[in-house]
Protein chains: 2
Amino acid sequence: MTAPYPRLALDKALAQADANLGQSLERFYDLLRIKSISTEPAYRDDCRRAAQWLSDELIALGFDASVRPTPGQPMVLGHDRSAGGAHVLFYGHYDVQPVDPLHEWATDPFEPTLMPAANGETHIVARGASDDKGQLLTFVEACRAWKEANGNLPLSVSILLEGEEEAGSKSLGPFLDETASELKADVVLVCDTDMWDDVTPAVTFMMRGLCGLEVEISAASRDLHSGVYGGAARNPLQVLTTILASLRDDEGRILLDGFYDGVEELSPDVIAQWDRLAFDGDAFLNKVGLSTPAGESGRGVLEQIWARPTFEINGITGGYAGEGFKTVIPAKASAKVSFRLVGQQDPKAVCAAFKAHVEARLPADCSATVTIHSASSATHVRTGTPHLAKTLRALSEEWETDAALSGNGGSIPVINEFRDRLGMDALLVGFARFDNRVHSPNEKYDMSSFTKGIRSWLRILDKLADGHSGA
Amino acid sequence: MTAPYPRLALDKALAQADANLGQSLERFYDLLRIKSISTEPAYRDDCRRAAQWLSDELIALGFDASVRPTPGQPMVLGHDRSAGGAHVLFYGHYDVQPVDPLHEWATDPFEPTLMPAANGETHIVARGASDDKGQLLTFVEACRAWKEANGNLPLSVSILLEGEEEAGSKSLGPFLDETASELKADVVLVCDTDMWDDVTPAVTFMMRGLCGLEVEISAASRDLHSGVYGGAARNPLQVLTTILASLRDDEGRILLDGFYDGVEELSPDVIAQWDRLAFDGDAFLNKVGLSTPAGESGRGVLEQIWARPTFEINGITGGYAGEGFKTVIPAKASAKVSFRLVGQQDPKAVCAAFKAHVEARLPADCSATVTIHSASSATHVRTGTPHLAKTLRALSEEWETDAALSGNGGSIPVINEFRDRLGMDALLVGFARFDNRVHSPNEKYDMSSFTKGIRSWLRILDKLADGHSGA
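Being a predicted model, the structure only gives us computed values, none of them experimental.

With that settled, the discussion passes to the overall build of chain A. The number of helices and strands found in chain A is 14 helices and 18 strands. At 24 Å, chain A has a C-alpha radius of gyration in line with the 23 Å of a compact globule built from 471 residues. Across its three principal axes, chain A shows a C-alpha extent of roughly 85 × 50 × 50 Å. Looking at chain A as a whole, 63% of its 471 residues qualify as buried. Within chain A, counting contacts between residues at least 6 apart in sequence, those at least 24 apart form 79% of the total. Accessible surface, chain A: about 16900 Å² in total, of which carbon and sulfur atoms supply 50%. Side-chain charges in chain A split into 44 positive and 66 negative, and the spacing between the mean points of these groups amounts to 2 Å.

Next comes the structure, spelled out in structure tokens:
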């Protein structure tokens, strides 16, 4: 349909984004094929390749971009400040989670596969399709469409793409400090969160923090035969399970000294706001085969996943794991555990309390090592800003429904880094869905998340440019 | 040194065994190179090859031998009844334990390697070197030496070699029933146990039983991201650790309903006998880097490993086990656990109590499957028999010290099968040592276990033949 009056820059950009879809998907698939698993040293070269690929794309788009080495995985940083005026910094991450258990994938995790879904959607299935390659590309492809349609972006844009988000973002803080003058913008846009539901976009304003730890218990100097030593030899798997079981009571309360310091009860305001969201906790659980909230007794599902701290065991390794049976008493056993933090909980204090809890419960002949993989506090984004109001309006226009202001149970610690090191507010806008199997086998991104995500960013850029984008 | 009088058949056989050593070792190495891991289906052909290799050896020795198929791994059965008179049935097993963790092996587990030890001994390092290929070959090589030296064995010998001992011996019972008339002998000789210490041989007269079980806990229909679901979703690793931790109290007592039914306190006789053994519990633990008995409070090391029942966790699998960290809530988690049984404890009742214990503690949204890998009761061998007296005497002569009558914390369930199905007593004579790393990486057999083991069997055969073996 041709507009009866000169088309606005936004309309042109939206049409260009739609016209680009085939090629945008090709680029998406190319990026998905790169095995950029940041936590596994074997994939170090793949991470570098992903960074180079993104840098090349940004350069082709007219950005002044480069791969910036760090002690860990490299950053990609690019700028297009030709428009002047308002300035946004976009943040995303190109690294992905490991793929195991590999046998549970229906397709090769690094060969993107289109799959029709029962609801008429098309799923793009691959590791990183949702977290975060598809999400970050919605922004890059929006920039492309705008530039192809209008020559220039409507505002200054910097893009920072990290390669260690799944590995604790160890290099990010120092990098932000070193490049502070380059990065300083009006606001940080982050695309690593979920929609409210399949049809309702959301801006996320609160997220839990995360302490990710690993504990290894050692006892005998070698694996022992339980027939010979069983009864007299200390079994580290038994010590480990006893310690882990001691961290949570029957009511789901976490039994770590001082753990609830800084945890606040929901205010009546927040309760009222959340009630308006009409979140269906039963449906949320039913989708993944569950029916009963497993967290602290007497608290609703939404409160449990957004506003309450947790303790989870994310993996245990020890003893014989093959087929059949082996009567071994292993020399050591280890667990990966995590705490989600809310309010003012101090991640350093939680890590220290965990270490003390373990050490206080070690029987004779046992030693423990505790490794901290990540330690970040909960995040709250300011909600009264004009950037937020514009973003909510842009999202509501694209999705033709009121955008939600949403909590999130996960953790995006970089938000705190941008606030603390650069004094910048963040806007968390994401198009992922709850059922994207992020961090699981068969991760997917919906085609509409990708296409409407690109279009949403065009509308957001237009609004944030504050009228400078008119034809 | 030449004897001044006509050499006895035994002396000739002993000299022949010594002369055979080089070739005996070559045969031992050939057998060790066959990867006969019975618990892993991938090694099925290797198990068949090991059986065929053994059958061919027995045939070459003049035995009427063959490989006998079963629904599981095949049996090898051979007879040399040309001597008439006394008749012994030897039992051993050619299957071995899995080798993982492979990276902890200093050498290829299936390429036997000679290693000098600090005490002047030479170790033969390979999976199965001790359990049970080295041990079973001591008997086969003894038969060879006797026949080569004297033409005929001093008594009738049948040899039964199993391929499923490490996998629960599922085919053994039916096979014993089917071949009862072929197998019936005066006594069963079994070579799968330890020496008392490095210089003292032993006949084992009591062994604990074993329930080997696997429990898998399932919750959500797929792995979940702990950021999205953590707090509200049930974590099967948490359920599993809580259940496993609930099975043992702070005093090391096992908290399973009815578990101690049939467990008897040591009689004053047994206590007095064990005191005479002068077992050094501290040294036993120190050898493997431990110092404190970990079993039930108030009981000595020997009692804990021989006469008390145990609960052990032999392996846990669930969640993310790779490098780095993954904030996953796994859909399922599993553990391999075992109970060692003593006295009159009923293995079926223990397995049922474990299943009930798990099921009674499952929270909402969880299911559990419990698989029984093995269930055998404790074993007591009659101690007043002439066979035992002769065997103790033969061992004492070879090792030039009084042989011990020893308990054993492990389990050789086949002993019960021979008693219950064929009405035969067993004599458990073994030349393994406590530090052989059986079921662990770097399993070894001492050269002297092999050489003096062969010589010990020659002396035992001579005594059991009851004078028929004179020159």
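Back to the text.
What follows covers the pairing of strand β7 (residues 187–190) of chain B. Residue and element names in this part refer to chain B. Residue alternation in β7 divides its side chains into two sets, V187 and L189 and V188 and V190, and both sets are buried. Bridging between β7 and strand β17 (residues 426–430) involves three bridges; their strand directions are parallel. Looking across to β17, one finds that V188 is bridged to A426.

Our next topic: the relation of the copies chain B and chain A. Rotating chain B by 180° and moving it 0.0 Å along the rotation axis overlays it on chain A with an RMSD of 0.0 Å. Within this description, the copies of the chain are treated as partners about a two-fold rotation axis. Taking the C-alpha atom as reference, chain B places T241 of chain B closest to the rotation axis, 2.4 Å from it. Most of the interface of chain B is mirrored in chain A, where 100% of its interface residues are also at the interface.

Okay, the interface of chain B and chain A next. Between chain B and chain A, the contact holds 93 residues from the first and 93 residues from the second. Contact between chain B and chain A buries roughly 7600 Å² in total, counting both sides, with carbon and sulfur atoms accounting for 52%. Classifying every residue of the side of chain B that touches chain A by side-chain character gives 37 nonpolar, 34 polar and 22 charged. Here strand β11 (residues 310–319) of chain A runs beside strand β11 (residues 310–319) of chain B; their pairing, made up of five bridges, is antiparallel. Each bridged residue has a counterpart across the sheet, and for G319 of chain A the counterpart in β11 of chain B is G315 of chain B.

Turning our attention to the side chain of T391 of chain A. Residue and element names in this part refer to chain A. Structurally, T391 is set in helix α12 (residues 386–399). Classification of T391 as buried rests on a relative accessible area of 1%. Ignoring anything within four residues of it in the chain, the contact list for T391 reads V203, L427, V429, I460 and L464.

Turning to the sheet that holds strand β5 (residues 122–125) of chain A, a few remarks are in order. Residues and elements named next belong to chain A. Spatial ordering of the open sheet is given by β4-β5-β18, a layout of three strands whose pairing is antiparallel. The open sheet has two free edges, formed respectively by β4 (113–116) and β18 (444–446), since each of these has just one partner strand. Averaged over all pairs of adjacent strands, the angle between their axes in this sheet comes to 30°, without regard to strand direction. The strands that helix α1 (residues 9–32) touches are β4, β5 and β18; relative to β5, the one it contacts most, it runs at about 35°. The strands that helix α14 (residues 447–464) touches are β4, β5 and β18; relative to β18, the one it contacts most, it runs at about 55°.

Below, the discussion takes up the pairing of strand β17 (residues 426–430) of chain A. All names here are of chain A. The buried fraction of β17 is high, at five of five residues. Burial along β17 is two-sided: the residues A426, L428 and G430 and L427 and V429 are all buried. Across three bridges, the pairing between strand β8 (residues 202–207) and β17 is antiparallel. Paired with T204 across the strands is L428, a residue of β17.

Attention shifts here to α12 of chain A. All names here are of chain A. If you check α12, its first and last C-alpha atoms are 20 Å apart, about what 14 residues at 1.5 Å a residue would give, namely 20 Å. Taken together, the buried positions of α12 are occupied by L388, K390, T391, L392, A394, L395, S396, E398 and W399. Residues of α12 that are buried sit in contact with β8, β16 (404–408), β17 and α14. Two residues or fewer after α12 comes E400, characterised by a positive phi angle close to 55°.

Averaged over all residues, the pLDDT of chain A is 93; the fraction at 70 or higher stands at 98%. Low pLDDT (under 50) marks residues 467–471 of chain A, which in the prediction has nine contacts with non-local residues, meaning those over four places away or in another chain.

Residues and elements named next belong to chain A. We note that the domain assignment places domain 1 (9–207 + 379–464) and domain 2 (209–263 + 309–376) within chain A. The centre of domain 1, based on its C-alpha atoms, is set 35 Å off from the matching centre of domain 2. Facing eight residues of domain 1, the contacting portion of domain 2 comprises seven residues. Between domain 1 and domain 2 we count zero salt bridges in total. Linking domain 1 to domain 2 there are zero residue pairs in polar contact (both at pLDDT 80 or more). For the side of domain 1 that touches domain 2, the residue count by class is two nonpolar, five polar and one charged.

Next up on the list: the pattern of salt bridges. Residues and elements named next belong to chain A. In total, this model carries 58 salt bridges over all chains according to the counting rule given. Between K355 and E359 there is a salt bridge, with its nearest N and O atoms 3.4 Å apart. Placement of the pair is K355 and E359 together in helix α11 (residues 347–360), with a separation of four residues, close to one helical turn. Overall, the relative accessible area of 37% leaves K355 in the partly exposed class. Look at E359 and you get partly exposed, because its relative accessible area is 42%. Within this structure, E121, D198, R433, D435, K444 and D446 form a network of salt bridges that share partners.

All names here are of chain A. Between helix α3 (residues 129–150) and α14, the shortest axis-to-axis distance is 8 Å and the interhelical angle comes to 55°. Here α14 runs oblique to α3, going by the angle between their axes. Note on packing geometry: the crossing formed by α3 with α14 is right-handed. Where α3 approaches α14, its residues G134, L137, T138, F139, E141, A142, A145 and W146 are matched on the opposing element by S449, F450, G453, I454, W457, L458, L461 and D462. Looking at the contact of α3 with α14 residue by residue, the class counts come to ten nonpolar, four polar and two charged.

Residues and elements named next belong to chain A. Geometrically, the link from D100 to P101 is a cis peptide bond, its omega value of 0° lying close to zero. With respect to the helices, strands and loops of the structure, P101 is situated in the loop between β3 (87–93) and β4. Its identity is not glycine, yet N442 carries a phi of approximately 65°, on the positive side. Within the secondary structure layout, N442 lies in the loop between β17 and β18.

Within helix α13 (residues 414–422) of chain B the residues assigned to the buried category are V414, I415, N416, F418 and L422 of chain B. A positive backbone phi angle near 65° is found at G423 of chain B, which sits one or two residues after α13 of chain B.

All names here are of chain B. Strand order in the open sheet formed by three strands is β4-β5-β18, with antiparallel pairing between adjacent strands. Whereas interior strands pair on both sides, the edge strands pair on one side only; in this sheet they are β4 (113–116) and β18 (444–446). On average, each strand axis in the sheet is inclined to that of its neighbour by 30°, with strand direction left out of account. Strand contacts of helix α3 (residues 129–150): β5 (122–125) and β18, with the helix running at about 40° to β18, the strand carrying the most contacts. Contacting β4, β5 and β18, helix α14 (residues 447–464) runs over the sheet at an angle of about 55° to β18.

Grouped together as the largest cluster of nonpolar side chains are 288 residues, with contacts concentrated most on L160 and F339 of chain A together with L160 and F339 of chain B. Here L160 of chain A is in contact with M75, V76, L77, L89, F90, Y91, G92, L172, F175, L176, L183 and F418 of chain A, once residues within four sequence places are set aside.

So, about the side chain of T310 of chain A. Relative to the elements of secondary structure, T310 of chain A occurs in strand β11. In this structure T310 of chain A comes out as buried when scored by relative accessible area, which is 4%. Not counting chain neighbours up to four residues away, the residues in contact with T310 of chain A comprise R208, I254, F259, Q304, S338, F339 and R340 of chain A together with G230 and G231 of chain B.

Definitions and cut-offs
Residues numbered from 1 in each chain as written. Chains lettered and ligands numbered in written order. Predicted model: local features only at pLDDT ≥ 70, side-chain atom pairs only at ≥ 80, totals over all residues. Heavy atoms only, no water. Helix = DSSP H or I, 4+ residues; strand = E, 2+ residues; numbered from the N terminus. Rg over C-alpha atoms; globule rule 2.2 N^0.38 Å. Buried < 20%, exposed > 50% of the residue type's maximum accessible area, 1.4 Å probe, protein only. Contact = heavy atoms within 4.5 Å. Areas by Shrake-Rupley, 256 points an atom, 1.4 Å probe, with all protein chains shown as cover. Lys, Arg positive; Asp, Glu negative; His and termini not counted. Charge placed at Lys NZ, Arg CZ, Asp CG, Glu CD. Pairing = 2+ DSSP bridges. Least-squares fit on C-alpha atoms with pLDDT ≥ 70 in both. Buried area = accessible area lost by both parts, 1.4 Å probe. Nonpolar A, V, L, I, M, F, W, Y, C, P; charged D, E, K, R; others polar. Axes fitted to C-alpha atoms, helices over the stretch in contact; angles between N-to-C directions. Expected span 1.5 Å × (residues − 1). pLDDT = per-residue confidence, 0-100. Domains from an automatic or database assignment. Salt bridge = Lys/Arg side-chain N within 4 Å of Asp/Glu carboxyl O. Polar contact = N/O pair within 3.5 Å; in protein donor to acceptor, adjacent residues only side chain to side chain. Parallel < 35°, antiparallel > 145°, perpendicular 65-115°, else oblique. Left-handed = near helix turned anticlockwise from the far one by under 90°. Core = buried A, V, L, I, M, F, W, Y, C linked by side-chain atoms within 4.5 Å.

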